[in-house]
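These are the residues of each chain, in order.
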Amino acid sequence: MNHPSGVYAYQMHWDDPKKLGLVKYSQGQHSFDLDNVTIVTGLGDKDSPESGVENWDVHFKISPSGTTSYEEARDKIAALLAKLRAAGWKRYIETSDPRLVGKEATAYALSKPGALYSIDSTYMPTGEEWRNLIVSEPRWLFYTDGVFLTLSLSYQSSSTPDMGYYLTDIQVSTASDNYTPYFTDSIERRRQWKQYLSDELTPARAERAKHETELKAQGYTIDTTYLPPPYEAPDFSAKAGDTH
């Protein structure tokens, strides 16, 4: 189908709650399966049809049953995150965000509701932390071999105590699509994004440094071992230009 925003889209629905979909994402050793799928959408840019579908969005339920307990939902998400890590997906942190891990990353995410901070998937939140996280639509960001992945979670309470409705979403996108927000001003710049990305990320790096300085003063520990995707190296655009 065509979309008024300048993209083309493919979509598939599973409307029968007793017959939800099973979707396999295939990328060699980074492949994984998702069950209880309700909707899959693929988007591509009309201005760059040669790039194919650059963004896949998969909506699925944690459990085929109606409501799920806090503990069961937390454990199912933890199992899915472990499956992604086992398939080689590494945590990604937005260029402007501080490099925090474990409990401190969760505490920071809770202190910034709506900021969409990348939570550390290796940390199992406490029951109280989980209850607070789910109302802020938590996100876990990953990267591997030129592809970015976001797992997000939304929650709606039910009339039964400690039970609720969970809808999870995995979005998989190319590097080009991931960095598109930096190039909304020009189709040509978006096509040649590699040549301009390093300059575009300079303010984001400065913002990260500012945040980290403030957080260190508050007693947070910065994860200096974090390795960003190669696209975010300061000299990436220069090297990309040399290949042309």
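This text goes with the structure placed above it.
Residues numbered from 1 in each chain as written. Predicted model: local features only at pLDDT ≥ 70, side-chain atom pairs only at ≥ 80, totals over all residues. Heavy atoms only, no water.

> How do you make sense of the overall build of the protein chain when you look at a structure like this?
Counting its regular elements, the protein chain contains seven helices and ten strands. Radius of gyration (C-alpha) of the protein chain: 19 Å, near the 18 Å computed for a compact globule of 244 residues. Reported as C-alpha extents along the three principal axes, the dimensions of the protein chain are approximately 60 × 50 × 35 Å. Within the protein chain, the proportion of its 244 residues that are buried is 45%. In the protein chain, 60% of the contacts between residues at least 6 apart in sequence involve partners at least 24 apart. Positive and negative charge centroids in the protein chain, built from 25 and 34 side chains respectively, lie 3 Å apart. (Helix = DSSP H or I, 4+ residues; strand = E, 2+ residues; numbered from the N terminus. Rg over C-alpha atoms; globule rule 2.2 N^0.38 Å. Buried < 20%, exposed > 50% of the residue type's maximum accessible area, 1.4 Å probe, protein only. Contact = heavy atoms within 4.5 Å. Lys, Arg positive; Asp, Glu negative; His and termini not counted. Charge placed at Lys NZ, Arg CZ, Asp CG, Glu CD.)

> I keep staring at the packing of helix H1 (residues 70-86) against helix H3 (residues 127-134) and nothing clicks. Help me out?
Packed helices, taken two at a time, are described by the angle between their axes plus the distance between the axes. Relative orientation of the contacting elements H1 and H3 amounts to 85°, with a least axis distance of 10 Å. Classified by the angle between their axes, H1 and H3 sit roughly perpendicular to one another. Contact residues: H1 offers Tyr 70, Ala 73, Arg 74 and Ile 77, while H3 offers Gly 127, Trp 130, Arg 131 and Ile 134. Each residue belonging to the contact of H1 with H3 can be placed in one class, and the counts come to five nonpolar, one polar and two charged. (Axes fitted to C-alpha atoms, helices over the stretch in contact; angles between N-to-C directions. Parallel < 35°, antiparallel > 145°, perpendicular 65-115°, else oblique. Nonpolar A, V, L, I, M, F, W, Y, C, P; charged D, E, K, R; others polar.)

> Explain the packing of aromatic side chains to me, please; I cannot follow it from the model alone.
The description of an aromatic ring pair rests on the distance of the ring centres and on the angle between the ring planes. In this structure the tally under the stated criterion is 17 aromatic pairs. Considering the side-chain rings of Tyr 179 and Trp 193, the 5.8 Å spacing of their centres and the 25° angle between planes classify their relative orientation as stacked. Placement of Tyr 179 in the loop between helix H4 (175-178) and helix H5 (187-191) and of Trp 193 in helix H6 (residues 193-217) is noted, with a sequence separation of 14 residues between them. For Tyr 179, a relative accessible area of 1% translates into the label buried. Grouping aromatic residues by their ring pairs yields a cluster made of Tyr 92, Tyr 143, Phe 148, Tyr 179, Tyr 182, Trp 193, Tyr 231 and Phe 236. (Phe/Tyr/Trp six-rings, centres within 6.5 Å; stacked < 30°, edge-to-face > 60°.)

> Just checking my understanding: could you explain the side chain of Ser 96 for this structure?
By secondary structure assignment, the location of Ser 96 is in the loop between strand S7 (90-91) and helix H2 (102-111). On the basis of relative accessible area, Ser 96 is assigned to the buried category, the value being 18%.

> What should I look at first to understand the packing of H2 against H3 in this one?
At their nearest, the axes of H2 and H3 sit 10 Å apart, and the two run at 40° to each other. Taken together, the axes of H2 and H3 are oblique relative to one another. Between H2 and H3 lies a crossing of left-handed hand. From H2, Lys 103, Thr 106 and Leu 110 reach across to H3, where they touch Glu 129, Asn 132 and Leu 133. Here the contact of H2 with H3 is composed, by residue class, of two nonpolar, two polar and two charged. (Left-handed = near helix turned anticlockwise from the far one by under 90°.)

> Any chance you could explain the nonpolar core here in plain terms?
Considering soluble globular proteins, one finds that nonpolar side chains tend to be buried as a cluster. If you look at the biggest cluster of nonpolar residues, it comprises 53 residues, and the most contacted ones within it are Trp 89, Trp 130, Trp 140, Tyr 166, Ile 170 and Tyr 231. Excluding residues within four positions of it along the chain, Trp 130 makes contact with Tyr 70, Ala 73, Arg 74, Ile 77, Pro 125, Trp 140, Leu 153 and Tyr 166. (Core = buried A, V, L, I, M, F, W, Y, C linked by side-chain atoms within 4.5 Å.)

> Got a minute to help me understand H1 in this structure?
Because an α-helix packs 3.6 residues into every turn, residues spaced three or four apart end up facing the same way. In a regular helix each residue adds 1.5 Å, so 17 residues correspond to 24 Å; H1 covers 24 Å between its end C-alpha atoms and thus fits that length. Among the residues making up H1, those that are buried are Tyr 70, Ala 73, Arg 74, Ile 77, Leu 80, Leu 81 and Leu 84. Summarising the axial view, the buried residues of H1 lie within an arc of 130°, below the 170-degree limit, and thus occupy one face. With respect to the buried face of H1, the exposed residues turned more than 90 degrees away are Glu 71 and Ala 86. Phi turns positive one or two residues past the end of H1, at Gly 88, with a value near 95°. (Expected span 1.5 Å × (residues − 1). Arc of directions from axis to C-beta.)

> I'm lost on the side chain of Thr 168 in this one. Help?
Inspection of the secondary structure puts Thr 168 in strand S10 (residues 163-174). Assessed through its relative accessible area of 0%, Thr 168 is described here as buried. A polar contact of 2.7 Å, which involves the side chain of Thr 168, links it to the backbone oxygen of Phe 60. Beyond its immediate stretch of four places on either side in the chain, Thr 168 contacts Val 58, His 59, Phe 60, Lys 61, Ile 62, Ile 77, Leu 151, Ser 152 and Leu 153. (Polar contact = N/O pair within 3.5 Å; in protein donor to acceptor, adjacent residues only side chain to side chain.)

> What is the right way to read H2 from this model?
Burial in H2 covers these residues: Gly 102, Ala 105, Thr 106, Tyr 108 and Ala 109. One side of H2 holds all its buried residues, which, seen down the axis, span an arc of 160°. Looking at the buried side of H2, the elements it contacts are S7, H3 and H6.

Everything listed here is a matter of geometry and, on its own, says nothing about what the molecule does.
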